[in-house]
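Below, each chain spelled out in residue letters.
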Amino acid sequence: WTTGAEKNPWYHGEPYTSINRMYLKMKTGLMPYYYTYAKEAHDDGVPMVRAMMLEFPDDPNTWTNLTQYQYMWGENLLVAPVYNEADNSAEVRNNIYLPGGEDQVWIDYFTGEQYTGGKVINNFSAPLWKLPLFVKNGAIVPMYEENNNVAPITETNPKGLDKTKRIIEFWPEGKTSYDLFEDDGVTLDYSNKEEVNYGSSVSTRFTSEVKDDEAVLRAEASKGTYKGYDSNRNTTFVVNVSKAP
């Protein structure tokens, strides 16, 4: 028995069940991205979900009501949920502010369409399945393959998580880096962030540098270990480009 609307993702049938499934799988794939920011939140108090002015304090528009219905998810992802009933019925999202000025490029995560910063976007296509989600150009986003649960794959759990298969998604621009944090996901036994080699965790730096017409993408050697860590990894680089390289 519950009060209010039923919230199980399959309750209302299609197309809602499939849309829920898509985003739940997307969430499990992005676990390395937000797990790293969870560690940062623990160490420094900087939250994973951030008001716009926290990431763009020098942009005066981020201090106004213009950005009250959008947020940064970590440093690289801008989320602008559909919250207005009129917009929802029209399948658009209005009043999305992209900060950073004309030198900052934002990319629609689902279509690859590019937008320059310092502008308000109206009539942004947002059908029921499509969350307005923008990637900051230059971003590096670590991911796992889709999985149904974080327990290791076994005969009785064939849809679990295989941490040895790593996906790193790049949007090359300028010189950027991402320091991935990983531990056993269960205990709180890890060392201070200042140490080069974590006692019960692993750190891996990924870098992207664009010079003229060449992009160099790099996965550096991982540092540290933890119980159950398998250093034998496959890393797939997914590189987003606007034309054939």
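Everything below is about the structure printed above this text.
Residues numbered from 1 in each chain as written. Predicted model: local features only at pLDDT ≥ 70, side-chain atom pairs only at ≥ 80, totals over all residues. Heavy atoms only, no water.

Visitor: Any chance you could break down a nonpolar patch on the surface for me, citing the residues and the numbers?
Guide: Among the surface-exposed residues, Phe237, Val239 and Val241 lie close enough to one another that they form a single nonpolar patch of about 230 Å² accessible area. Looking at the element boundaries, Val239 is found in strand β17 (residues 234-239). When its relative accessible area of 38% is taken as the criterion, Val239 is described as partly exposed. (Patch = residues over 30% accessible without salt bridge, like charges linked within 9 Å, V, L, I, M, F, W, Y side chains within 5 Å. Areas by Shrake-Rupley, 256 points an atom, 1.4 Å probe, with all protein chains shown as cover. Salt bridge = Lys/Arg side-chain N within 4 Å of Asp/Glu carboxyl O. Helix = DSSP H or I, 4+ residues; strand = E, 2+ residues; numbered from the N terminus. Buried < 20%, exposed > 50% of the residue type's maximum accessible area, 1.4 Å probe, protein only.)

Visitor: Hey, could you go over the pattern of salt bridges for me, with residue numbers and the actual values?
Guide: Charged atoms that come close allow side chains of opposite charge to pair. Applying the stated criterion across every chain yields a total of 7 salt bridges. A salt bridge links Arg50 to Glu55, with the shortest nitrogen-to-oxygen separation between them at 2.6 Å. For Asp179, the salt bridge goes to Arg205, with nearest N and O atoms at 2.6 Å. Of this pair, Asp179 sits in strand β13 (residues 175-183) while Arg205 sits in strand β14 (residues 201-211), and the two are 26 residues apart along the sequence. Within this structure, Glu40, Arg50 and Glu55 form a network of salt bridges that share partners.

Visitor: Before we move on, can you summarise the packing of aromatic side chains with the specific residues and values?
Guide: On inspection of all chains with the given rule, the structure shows 17 aromatic pairs. A centroid spacing of 5.9 Å and a plane angle of 85° characterise the contact between Tyr33 and Trp73, whose relative ring orientation is edge-to-face. In this pair, Tyr33 sits in helix α2 (residues 31-44) while Trp73 sits in strand β2 (residues 71-73), placing the two residues 40 residues apart along the sequence. This pair shows no difference in class: Tyr33 is buried, exactly as Trp73 is. Seen from their ring centres, Phe110 and Trp129 are 5.6 Å apart, and the 80° between their planes marks the pair as edge-to-face. Taken as a pair, Phe110 in the loop between β6 (105-108) and β7 (114-116) and Trp129 in the loop between β9 (124-125) and β10 (133-136) lie far apart in primary sequence, 19 residues in all. An aromatic cluster is defined as three or more aromatic residues linked by ring pairs; in this entry it consists of Tyr23, Tyr109, Phe110, Trp129 and Trp171. (Phe/Tyr/Trp six-rings, centres within 6.5 Å; stacked < 30°, edge-to-face > 60°.)

Visitor: Tell me about α2, and please be specific about residues and values.
Guide: Its 14 residues place the ends of α2 20 Å apart at the C-alpha level, agreeing with the 20 Å of an ideal helix rising 1.5 Å per residue. For α2, every residue scored as buried is listed here: Pro32, Tyr33, Tyr34, Thr36, Tyr37 and Lys39. The inward-facing, buried residues of α2 contact α1 (16-29), β1 (49-50), β2, β3 (77-79), β11 (140-144) and β13. Positive phi appears at Gly45, one or two residues downstream of α2, with a value of about 80°. (Expected span 1.5 Å × (residues − 1). Contact = heavy atoms within 4.5 Å.)

Visitor: A description of the nonpolar core should follow, citing residues and the corresponding values.
Guide: Formed by 23 residues in total, the largest nonpolar core has its most connected members in Leu30, Tyr33, Trp73 and Val141. Among the elements of the structure, α2, β3, β6, β10, β11, β12 (165-170) and β13 are those that each provide at least two residues to this core. Setting aside chain neighbours within four positions, we find Val141 in contact with Leu30, Tyr33, Ile167, Ile168, Glu169 and Trp171. Listed in part, the 12 residues of the second largest apolar core include Met52, Leu78, Leu98 and Phe124. (Core = buried A, V, L, I, M, F, W, Y, C linked by side-chain atoms within 4.5 Å.)

Visitor: Quick one: what's the story with the sheet that holds β11, residue by residue and with numbers?
Guide: With mixed pairing, the 3 strands of this open sheet are ordered in space as β11-β12-β17. Pairing within the sheet leaves two strands with one partner each, and these edge strands are β11 and β17. Sheet twist, expressed as the mean angle between neighbouring strand axes with direction ignored, is 25°. Across 6 bridges, β12 lies against β17 in parallel orientation. Each bridged residue has a counterpart across the sheet, and for Ile167 the counterpart in β17 is Thr236. (Pairing = 2+ DSSP bridges. Axes fitted to C-alpha atoms, helices over the stretch in contact; angles between N-to-C directions.)

Visitor: Run through the packing of α1 against α2, naming residues and quoting values.
Guide: Running from N to C, α1 and α2 point in directions that differ by 55°, and their axes come no closer than 5 Å. If you check the angle between α1 and α2, you find them oblique. Facing Lys27, Thr28 and Gly29 of α1, the residues of α2 in contact are Met31, Pro32 and Tyr34. Each residue belonging to the contact of α1 with α2 can be placed in one class, and the counts come to 3 nonpolar, 2 polar and 1 charged. (Parallel < 35°, antiparallel > 145°, perpendicular 65-115°, else oblique. Nonpolar A, V, L, I, M, F, W, Y, C, P; charged D, E, K, R; others polar.)

Visitor: Got a sec to walk through the pairing of β12? Specific residues and values, please.
Guide: Within β12, 5 of the 6 residues are buried, leaving the element largely enclosed by the surrounding structure. The pairing of β11 with β12 spans 5 bridges and is antiparallel. Bridge pairing in β12 links Pro142 to Ile168.

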